[in-house]
Amino acid sequence: MISADETKISHSRLDDVQGLGLGVFLCALGMHVLTHVGLITGQTAGIAVIISYLSGWSFGAVFFVVNLPFYALAYRRLGLEFTLKSLISVTLLSVFTDILPLGFAIQTINPALGAVVFGTTVGFGLLAMFRHNGSLGGLGVVALLIQDRYGFKAGYVQLISDAVIFLVAAFLFPLSIVGWSLMGAVVLNLIIAFNHRRDRYIAT
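Residues numbered from 1 in each chain as written. Predicted model: local features only at pLDDT ≥ 70, side-chain atom pairs only at ≥ 80, totals over all residues. Heavy atoms only, no water.

1. Describing the pattern of salt bridges
Filter applied, for reference: We define a salt bridge as a contact between a side-chain nitrogen of Lys or Arg and a carboxyl oxygen of Asp or Glu at a distance within 4 Å. Counting from the N terminus, the helices are DSSP H or I runs at least four residues long and the strands are E runs at least two residues long.
By the definition in use, this model includes 1 salt bridge. For Lys85, the salt bridge is made with Glu81, and the minimal N-O distance between the two is 2.7 Å. Of this pair, Lys85 and Glu81 both sit in helix 4 (residues 70-103), 4 residues apart, which is roughly one turn of that helix.

Right under this line is the structure:
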């Protein structure tokens, strides 16, 4: 019987470009929906969203700055390739989220639907990025490190960190906003928890 390691197939450079590009686009689309309906999320994106709402600064710019401290950790633990891919992905997401509203105006969307659309698009966007050895940096890097070292799923790690961020948000925003936002975060993290398994996905 051939093991997964023996049949592992590496991604080509083109594979990585299309996979990471698709992942970033899906994440940017989800963030556009999220911020349009005024919801929040977890992880470093959630921290950036909260700062953006409170300060009026661009989400893209805040998200880029918030991620900067995590690159040293990513480089030490996950290597240069992962760090560069994450840096490029974060930069592209920061740009995409600022330009998407110029060509994609949302007229009406229910907050509950917006939460599901956000969770679904960002969840699958992150899966695409993870499978091409990339991420959106920040707390996602910490989640992947814990999963690789201890076997505790990245999705569950993110749920715990999200809980802390949402607890803080409960003191800053209406509870209805926090409630719908929490639903979106649960959808996102369950998608990752059920689908992100290295032993099932053998290409790297």
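2. Side note on the environment of Thr91
Mapped onto the elements of the fold, Thr91 is located in helix 4. Separated by 45 residues in sequence, Thr91 and Leu136 place their C-alpha atoms 9.1 Å apart.

3. Remarks on the packing of aromatic side chains
Spelled out, the test is: Between rings of Phe, Tyr and Trp, where Trp is taken as its six-membered ring, a pair exists when centres lie within 6.5 Å; planes separated by under 30 degrees are stacked, by over 60 edge-to-face, and by other angles tilted. Buried residues are those whose accessible area, probed at 1.4 Å on protein chains only, stays under 20% of the maximum for their type, while exposed residues exceed 50% and partly exposed ones sit between those limits.
This model, assessed by the stated rule, comprises 3 aromatic pairs. Look at Phe59 and Phe63: their rings are 5.4 Å apart centre to centre, the planes differ by 20°, and that puts the pair in the stacked class. Taken together, the residues Phe59 and Phe63, both in helix 3 (residues 59-67) and 4 residues apart, mark about one turn of the helix. For the residue pair Phe59 and Phe63, the accessibility class agrees, reading buried in each case.

4. Concerning the packing of helix 2 (residues 43-55) against helix 3
Heads up, the rule is: Fitted lines through C-alpha atoms give the axes, limited to the stretch in contact for helices. The angle between two N-to-C directions lies from 0 to 180 degrees. Roughly parallel refers to an angle under 35 degrees, roughly antiparallel to one over 145, roughly perpendicular to one between 65 and 115, and oblique to any angle outside these ranges. Handedness of a crossing is defined here by the sense of rotation of the near helix relative to the far one, left-handed for an anticlockwise turn of less than a right angle and right-handed for a clockwise turn. Residue contacts follow a heavy-atom distance rule, with two residues in contact if any of their heavy atoms lie within 4.5 Å. Following the grouping adopted for this structure description, the nonpolar residues are Ala, Val, Leu, Ile, Met, Phe, Trp, Tyr, Cys and Pro, the charged ones are Asp, Glu, Lys and Arg, and the polar ones are all others, Gly among them.
Between helix 2 and helix 3, the shortest axis-to-axis distance is 9 Å and the interhelical angle comes to 135°. Between helix 2 and helix 3, the angle falls in the class oblique. Once helix 2 is placed against helix 3, the crossing between them reads as right-handed. Across the interface between the two elements, Thr44, Ala45, Ile47, Ala48, Val49, Ile51 and Ser52 of helix 2 pack against Phe59, Val62, Phe63, Val66 and Asn67 of helix 3. Counted by class, the contact of helix 2 with helix 3 contains 9 nonpolar, 3 polar and no charged residues.

5. Quick word on helix 8 (residues 175-195)
Worth spelling out the cut-off: Expected span, for any helix, means 1.5 Å times one less than how many residues it has.
Spanning 21 residues, helix 8 covers 30 Å between terminal C-alpha atoms, matching the ideal 30 Å at 1.5 Å per step. Listing the buried residues of helix 8 in full gives Ile177, Val178, Ser181, Gly184, Ala185, Leu188, Asn189, Ile191, Ile192 and Ala193.

6. What to know about the nonpolar core
Taken as a class, soluble globular proteins show a tendency for nonpolar side chains to be buried jointly. Threshold: Joining through side-chain atoms within 4.5 Å is the link that ties buried Ala, Val, Leu, Ile, Met, Phe, Trp, Tyr and Cys residues into a set, and such a set is a nonpolar core.
Formed by 48 residues in total, the largest nonpolar core has its most connected members in Phe63 and Leu126. Those elements that place two or more of their residues in this core are helix 1 (13-36), helix 2, helix 3, helix 4, helix 5 (111-130), helix 6 (139-150), helix 7 (154-169) and helix 8. Per-element tally for this core: the top contributor is helix 1, with 7 residues. Look past the residues within four positions of Phe63 in its chain and what remains in contact with it is Thr44, Ala45, Ala48, Val90, Leu93, Ser94 and Leu136.

7. A few points about the confidence of the model for the protein
Counted only if it meets this: One number per residue, pLDDT, summarises how confident the predictor is, and it ranges from 0 to 100.
For the protein, the mean per-residue pLDDT works out to 83, and 90% of the residues sit at or above 70. Across residues 1-7, where pLDDT falls below 50, the model places 4 contacts with residues more than four positions away in sequence or in other chains.

8. Here we look at helix 4
Stated formally: A residue's bend is given by the angle between axes fitted to the 7 residues ending at it and the 7 residues starting at it.
Its 34 residues place the ends of helix 4 only 31 Å apart at the C-alpha level, less than the 50 Å of an ideal helix rising 1.5 Å per residue. Of all the bends in helix 4, the largest measures some 135° and sits at Leu78.

9. Notes on the packing of helix 4 against helix 6
Think of two packed helices as two axes; the pair is described by the angle between the axes and how far apart they sit. Direction vectors running N to C along helix 4 and helix 6 enclose 60°, while the axes themselves pass 10 Å from each other. The orientation of helix 4 relative to helix 6 falls into the category oblique. Relative to helix 6, the crossing made by helix 4 is left-handed. Counted together, Phe70, Leu73, Ala74, Arg77, Leu78 and Phe82 of helix 4 and Leu139, Val141, Val142, Leu144, Leu145, Asp148 and Arg149 of helix 6 form the full contact between these two elements.

10. Side note on a nonpolar patch on the surface
The test is simple: A residue counts toward a patch only above 30% relative accessible area and without a salt bridge, and it is joined to like-charged neighbours within 9 Å or, for Val, Leu, Ile, Met, Phe, Trp and Tyr, to nonpolar neighbours within 5 Å. Residue-level accessible areas treat just the shown protein chains as cover; the underlying method is Shrake-Rupley with a 1.4 Å probe.
There is a patch of nonpolar side chains on the surface, built from Tyr150, Phe152, Tyr156, Ile160, Leu182, Val186, Leu190 and Phe194 and spanning about 780 Å² of accessible area. Secondary structure elements with two or more residues in the nonpolar patch: helix 7 and helix 8. Here the nonpolar patch takes 4 residues from helix 8, the largest share from any one element. Judged by relative accessible area, Tyr150 falls into the exposed class, the value being 62%.

11. Digging into unusual backbone geometry
Its identity as a non-glycine residue notwithstanding, Gln43 has a phi of 60°, on the positive side. Counting through the fold element by element, Gln43 comes out in helix 2.

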